[in-house]
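Structural characterization, general
The lines below spell out each chain.
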Amino acid sequence: MTDPAKLASWQDAQDVEQLTPGPVGRGTRFREVHKVMGRARTELTEVVTFDPGRQFAIRVLDGPPVDGRWDFEAIDEGTRLMFTPTVRLPRGLRPLQPVVAFGTALVFAGFHRRLKRALEAR
């Protein structure tokens, strides 16, 4: 899930470029190009938490004002993945934060189903 080369296998990413050298970890930055409603959208993201097997979090530095945190929990059947979006809207739009967070969670639920299928197909 944290391998940028595999992002397109479970998200709508068309291209991902790691901008910082070395292995993925806290502070790693990426330029991601996503296809949204038929149009390309470029985002700059940064890894803010990297604790393999436990937690992974990103902050969107340039792009939609929604950050994400993934928590991993070992269970008998494998691993439970929990996603928490954090919406950062300007003051005047903050009443919309729950709606944006819900919409983001729905979109990522679909991405996570794709991720599960990709992992199970290996």
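Being a predicted model, the structure only gives us computed values, none of them experimental. (Residues numbered from 1 in each chain as written. Predicted model: local features only at pLDDT ≥ 70, side-chain atom pairs only at ≥ 80, totals over all residues. Heavy atoms only, no water.)

What follows concerns the sheet that holds strand 5 (residues 66-75). In space, the 6 strands of this open sheet follow the order 1-2-3-4-5-6, with antiparallel pairing throughout. In this open sheet, the two edge strands, each paired with only one partner strand, are strand 1 (13-18) and strand 6 (78-87). The sheet shows a mean angle of 25° between the axes of neighbouring strands, taken without regard to direction. Across 10 bridges, strand 5 lies against strand 6 in antiparallel orientation. Looking at the pairing, E73 lines up with R80 of strand 6. Strands strand 5 and strand 6 of the sheet are contacted by helix 1 (residues 97-121), whose axis makes an angle of about 150° with strand 6. (Pairing = 2+ DSSP bridges. Helix = DSSP H or I, 4+ residues; strand = E, 2+ residues; numbered from the N terminus. Axes fitted to C-alpha atoms, helices over the stretch in contact; angles between N-to-C directions. Contact = heavy atoms within 4.5 Å.)

The next thing to look at is the packing of aromatic side chains. As enumerated under the stated definition, the model contains 6 aromatic pairs in all. Consider the rings of F50 and F56, whose centres lie 6.2 Å apart with planes at 80°: the pair is edge-to-face. Taking the centre distance of 4.9 Å and the plane angle of 40° together, the rings of W70 and F83 count as tilted. Here W70 is found in strand 5, whereas its partner F83 is found in strand 6, with 13 residues between them in sequence. Ring pairs connect the aromatic residues F50, F56, W70, F83, F108 and F111, which therefore count as one cluster. (Phe/Tyr/Trp six-rings, centres within 6.5 Å; stacked < 30°, edge-to-face > 60°.)

Relative to strand 3 (residues 39-51), strand 2 (residues 29-36) runs antiparallel, the two being bridged by 8 bridges. Across the sheet, the residue bridging to E32 is E43, located in strand 3. Hairpin remark: strand 2 followed by strand 3, antiparallel, with 2 residues in the connecting loop; positive phi at M37, about 50°. Note: strand 3 against strand 4 (residues 55-62), 7 bridges, orientation antiparallel. Bridge pairing in strand 4 links T49 to A57. Hairpin connection from strand 3 to strand 4: 3 residues lie between these consecutive antiparallel strands, with G53 at a positive phi of about 80°.

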